[in-house]
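# Structure assessment
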Amino acid sequence: MKIDSHQHFWVFDPVRDAWITSDMEPIRRNFLPNDLQPVLQQNNIDGCVAVQASQSEIETDFLIQLAEQNDFIKGVVGWVDLRSELVSERLEYFRQFPKLKGFRHIVQGEPDDLFLLRMEFMDGIRALETYGYTYDILIYPRHLPTAREFVTRLPHQLFVVDHLAKPYVKAGEIEKWAADIQSLAKRENVCCKVSGLVTEADWEQWTPEQLRPYLDVVFEAFGPERVMFGSDWPVCLVASSYERWVQVLQEYTGSLSSYEQEKFWGGNAKDFYSL
């Protein structure tokens, strides 16, 4: 089974979705399951994991409802206030929805670079561990040392880094990011989504050759059993078609064994999210 481990749905709201700026015109509209399903079919992808794009339980409910209505949505990564004293009560409530697999917070948007280590936030992550939920780490390269400390303090929680932690592909910067990724990957409770790379490159002029060094770092650091395919659709559309991103990764993973390819294209996501 091939799984897209990272994509989004939304009914576009220019206020709520202010992060979708005017230069991102291709995605300033609604994106719903009937938009994605034919794209998955054309690329021989069997299912997907829908990930939150705004920080409210309304968003979580929205994604759960879509997943219940569409069998190809195999899992949901939602949002809950992990800093709340009521987080355990909310997680108990969400247990009734079997397709809800984990949670995410948009840490890259927090002004405090040490946000992950805040006591109340870490208490929320400990609650996720109690209820068996995963956590998606959405950060920039500068947050990687903090992320390593974060995952080290929570050795039994399952984590996945979204978008390779958004390396500075357009600027060609790699050394500091690579060293920090390699350090983070030493924690065996952490996986990495191979997603969101094209939007960190030059949207108009990126080439597969420019992406390869970043892919090399992640595949070597995490190994083929802790990396998973993700499209970041529809965000990826500002820089690439779905088909082109799949083609880049098919060419890149072509030298892997059939077992390793199966793990990357679906097996690892299936195991991580218990799909």
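Residues numbered from 1 in each chain as written. Predicted model: local features only at pLDDT ≥ 70, side-chain atom pairs only at ≥ 80, totals over all residues. Heavy atoms only, no water.

This brings us to the overall build of the protein. Assigned secondary structure in the protein consists of nine helices and eight strands. For 275 residues, the compact-globule estimate of 2.2 N^0.38 gives 19 Å, and the protein sits close to it at 17 Å. The long-range share in the protein, meaning contacts at least 24 apart out of those at least 6 apart in sequence, stands at 79%. Here the protein displays about 12000 Å² of accessible surface, and carbon together with sulfur accounts for 48% of that area. On the protein, the mean spot of the 27 positive side-chain charges and the mean spot of the 42 negative ones are 2 Å from each other. (Helix = DSSP H or I, 4+ residues; strand = E, 2+ residues; numbered from the N terminus. Rg over C-alpha atoms; globule rule 2.2 N^0.38 Å. Contact = heavy atoms within 4.5 Å. Areas by Shrake-Rupley, 256 points an atom, 1.4 Å probe, with all protein chains shown as cover. Lys, Arg positive; Asp, Glu negative; His and termini not counted. Charge placed at Lys NZ, Arg CZ, Asp CG, Glu CD.)

Let's shift gears to the pattern of salt bridges. Summed over the entire model, instances satisfying the criterion amount to 15 salt bridges. For Glu-57, the salt bridge identified is with Arg-90, shortest N-O distance 2.7 Å. Taken together, the residues span a long stretch of sequence, with Glu-57 in helix H2 (residues 57–69) and Arg-90 in helix H3 (residues 87–94) at a distance of 33 residues. In this structure, Asp-162 and Arg-104 form a salt bridge, with 3.1 Å as the shortest nitrogen-oxygen distance. Residue Asp-162 is found in the loop between strand E6 (159–161) and helix H6 (175–184), and its partner Arg-104 is found in strand E4 (residues 100–105); the two are separated by 58 residues along the sequence. Summarising the burial analysis for this pair, Asp-162 and Arg-104 share the class buried. The structure contains a network of salt bridges with shared partners spanning Arg-104, Asp-136, Asp-162 and Lys-193. (Salt bridge = Lys/Arg side-chain N within 4 Å of Asp/Glu carboxyl O. Buried < 20%, exposed > 50% of the residue type's maximum accessible area, 1.4 Å probe, protein only.)

Moving on, we come to the environment of Lys-193. Here Lys-193 shows up in strand E7 (residues 190–194). Exposure remark for Lys-193: the relative accessible area of 0% places this residue in the buried category. Along the backbone, Lys-193 and Tyr-273 are 80 residues apart, and their C-alpha atoms lie at a distance of 12 Å. Beyond its immediate stretch of four places on either side in the chain, Lys-193 contacts Ser-5, His-6, Val-51, Asp-136, Val-160, Val-161, Asp-162, His-163, Leu-164, Met-228 and Tyr-273. A distance of 2.9 Å separates polar atoms of two side chains, one belonging to Lys-193 and the other to Tyr-273. (Polar contact = N/O pair within 3.5 Å; in protein donor to acceptor, adjacent residues only side chain to side chain.)

This next bit is on the pairing of E4. Burial analysis of E4 places six of its six residues in the buried class, the great majority of the element. When strand E3 (residues 73–78) meets E4, the two strands line up parallel, connected through three bridges. Bridge assignment links Gly-78 to a residue of E4, and that residue is Phe-103. Where E4 meets strand E5 (residues 134–137), four bridges bridge the pair, whose relative direction is parallel. Residue pairing for E5: His-105 is matched across the bridge by Ile-137. Handedness of the crossover joining E4 and E5 through helix H4 (residues 119–131) is recorded here as right-handed. (Pairing = 2+ DSSP bridges. Right-handed = clockwise from strand over helix to strand, strands pointing away.)

The subject of this paragraph is the packing of aromatic side chains. This structure, assessed with the given rule, holds 23 aromatic pairs. Where Phe-9 meets Trp-233, the ring centres are 6.1 Å apart and the plane angle is 70°; that geometry is what we call edge-to-face. Placement of the pair is Phe-9 in the loop between strand E1 (3–7) and helix H1 (33–42) and Trp-233 in the loop between strand E8 (227–229) and helix H8 (242–253), with a sequence separation of 224 residues. The pair Phe-9 / Trp-233 is uniform in exposure class, with both members buried. Measuring from centroid to centroid gives 5.4 Å for Phe-219 and Phe-264, while their planes differ by 50°, and the two rings are tilted. In this pair, Phe-219 is assigned in helix H7 (residues 208–222) and Phe-264 in helix H9 (residues 258–273), connecting sequence segments 45 residues apart. (Phe/Tyr/Trp six-rings, centres within 6.5 Å; stacked < 30°, edge-to-face > 60°.)

With parallel pairing, the eight strands of this open sheet are ordered in space as E1-E2-E3-E4-E5-E6-E7-E8. Strands with a single pairing partner mark the edges of an open sheet, and in this sheet they are E1 and E8. Taking the axes of each pair of neighbouring strands and ignoring which way they run, one obtains an average angle of 25° across the sheet. (Axes fitted to C-alpha atoms, helices over the stretch in contact; angles between N-to-C directions.)

This part takes up unusual backbone geometry. Cis geometry is adopted by the peptide bond preceding Pro-234, which originates at Trp-233 and carries an omega value of 0°. Phi angles above zero are rare outside glycine, and His-163 is one such case at about 60°. Following the sequence through the fold, His-163 ends up in the loop between E6 and H6. Taking the relative accessible area as the measure of exposure, His-163 reaches 4% and is therefore buried. Phi at Leu-164 is positive, roughly 55°, even though this residue is not glycine. Looking at the element boundaries, Leu-164 is found in the loop between E6 and H6. Under the relative-accessibility criterion, Leu-164 is labelled buried at 0%.

Given a relative accessible area of 0%, Asp-162 falls into the buried group. Every residue in contact with Asp-162, bar those within four places of it in the chain, is listed here: His-6, Arg-104, Asp-136, Ile-137, Leu-138 and Lys-193.

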